[in-house]
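# Analysis of the macromolecular model
The chain contents come next:
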Amino acid sequence: MSRIIVIGGGAAGMMAAVAAAENGGQVLLFEKNEKLGKKVYITGKGRCNLTNACDMESLFGNVVTNGKFLYSAFYGFDNQAVIRFFEEAGCKTKIERGERVFPVSDHSSDVIAALHRQMKGLGVDIRLNTSVKTLVTEEDRVIGVVTQDGGTELAEAVIVAAGGLSYPVTGSTGDGYRMAEEKGHSTKPCYPSLVPLIVKEDWCKELQGLSLKNVTVALCQNGKKVFYEGFGEMLFTHFGVSGPLILSASSYYTGRKSKENVSLYLDLKPALSEEQLDKRVLRDFEENKNKQFKNSLGSLFPAKLIPVIIRLSGIDGEKKIHEVTKEERFRFVHLIKHIEMTITGTREFQEAIITKGGISVKEVNPSTMESKLVKGLYFAGEVLDVDALTGGFNLQIAWSTGYLAGSSAAKI
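Residues numbered from 1 in each chain as written. Predicted model: local features only at pLDDT ≥ 70, side-chain atom pairs only at ≥ 80, totals over all residues. Heavy atoms only, no water.

The name an unreviewed UniProt entry gives the protein is NAD(P)/FAD-dependent oxidoreductase, with Kineothrix sedimenti as the organism. Listed in UniProt under the heading Cofactor (unreviewed entry), the comment for the protein reads: "FAD". (UniProt positions renumbered as here; feature names shortened; annotations may be inferred.)

Have a look at this one:
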């Protein structure tokens, strides 16, 4: 029976431990926190969006970095297998808008409890409050680990599932990158991702707390090609913008070599073309022709947005509607579909859902998750240079890579 050490008791680590034990491994899991799944606990605002029930094409389509690397992992343990796993482990699931899968209870603790039950049932030795300092290797093979107290634990295989750098309060402090680098692995630069964006314009602060639904945002650089476009919900904050749509946009922003001169264009009425919107505005203007401009916009925008829109339009708010020129109206209609903001950066890792970057996938066998440099060393989850959009896709990466690493490690 192979002895397998798993470093990290998050999503990927717990799944790796289950898969390794199911395949006959004697598994020892080290978690530096006082409990398992600290980051899983806070995902989906505490509800845990554990996967997405979409088809395989969409699954791969929502992976932003190194989707091809995940081919074996996703097909070996796909989203349907994940749903079955949790159902059979006593955590009933439900599918919500956008094919997002949640526990029926809306409690992420039920996801962690299901994994814990499976591990205990399979005899996994779980050591909490224990961090691993280094990997022990002999020639080009891993033979164990050294823990924080200086003790050595030997094993035939070691799975590093120590997470990234996001939400460091949950224990994600980059330990896995350091361990991998010490053994010759290279890591891609790490950035906070699925993270709110900072905006230069001061008027954003006035809109703090305003949520907009069914809008489109586009990101482009130097006024040229759009490199991200998405539809959904966003939120204004004291520093800029956030919400699901913005978090997805950040995935494409953080990975760019240059982040200079990036603009975000907000379309408040994406269902209408400029021509259709002009007709709608004209209709509103006809009905309110004797009112002041500032008092005639209630049917178009939320109240909080109106003073900002008036300022950006350059039209005097006191002006009577019938005095608004055709050119002013055209500019106003164009503005509604092209509100420009200047992106100056992102918030820090403390607010990032995931880490973009990590251990180079070129040095990892995609069919097994084993290191190409050190025999018996495996990687799973966020420690790898793979990431996806919101909607359960990053947890799917964790489950799939964890399952593949665990089942492969047990077979050596």
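One open sheet holds the three strands; their spatial order is 3-6-5, and the pairing between them is antiparallel. Pairing within the sheet leaves two strands with one partner each, and these edge strands are strand 3 (51-52) and strand 5 (93-96). Strand direction decides the pairing type here: strand 5 and strand 6 (residues 100-103), joined by four bridges, are antiparallel. From the neighbouring strand, K94 faces strand 6, where its bridge partner is F102. (Pairing = 2+ DSSP bridges. Helix = DSSP H or I, 4+ residues; strand = E, 2+ residues; numbered from the N terminus.)

In the UniProt entry, the feature "domain: RsdA/BaiN/AoA(So)-like Rossmann fold-like" (unreviewed entry) is given for residues 3-407. Between the end C-alpha atoms of residues 3-407 there is a gap of 13 Å, over a span that is 31% helix and 26% strand.

Here the focus is the environment of S131. Assignment of secondary structure puts S131 in the loop between strand 7 (125-127) and strand 8 (132-138). Separated by 100 residues in sequence, S131 and E31 have C-alpha atoms that sit 6.2 Å apart. Leave out the neighbours within four places in its chain, and S131 touches K32, T147 and Q148. Within the structure, the side chain of S131 is placed 2.6 Å from the side chain of Q148, a separation counted as a polar contact. (Contact = heavy atoms within 4.5 Å. Polar contact = N/O pair within 3.5 Å; in protein donor to acceptor, adjacent residues only side chain to side chain.)

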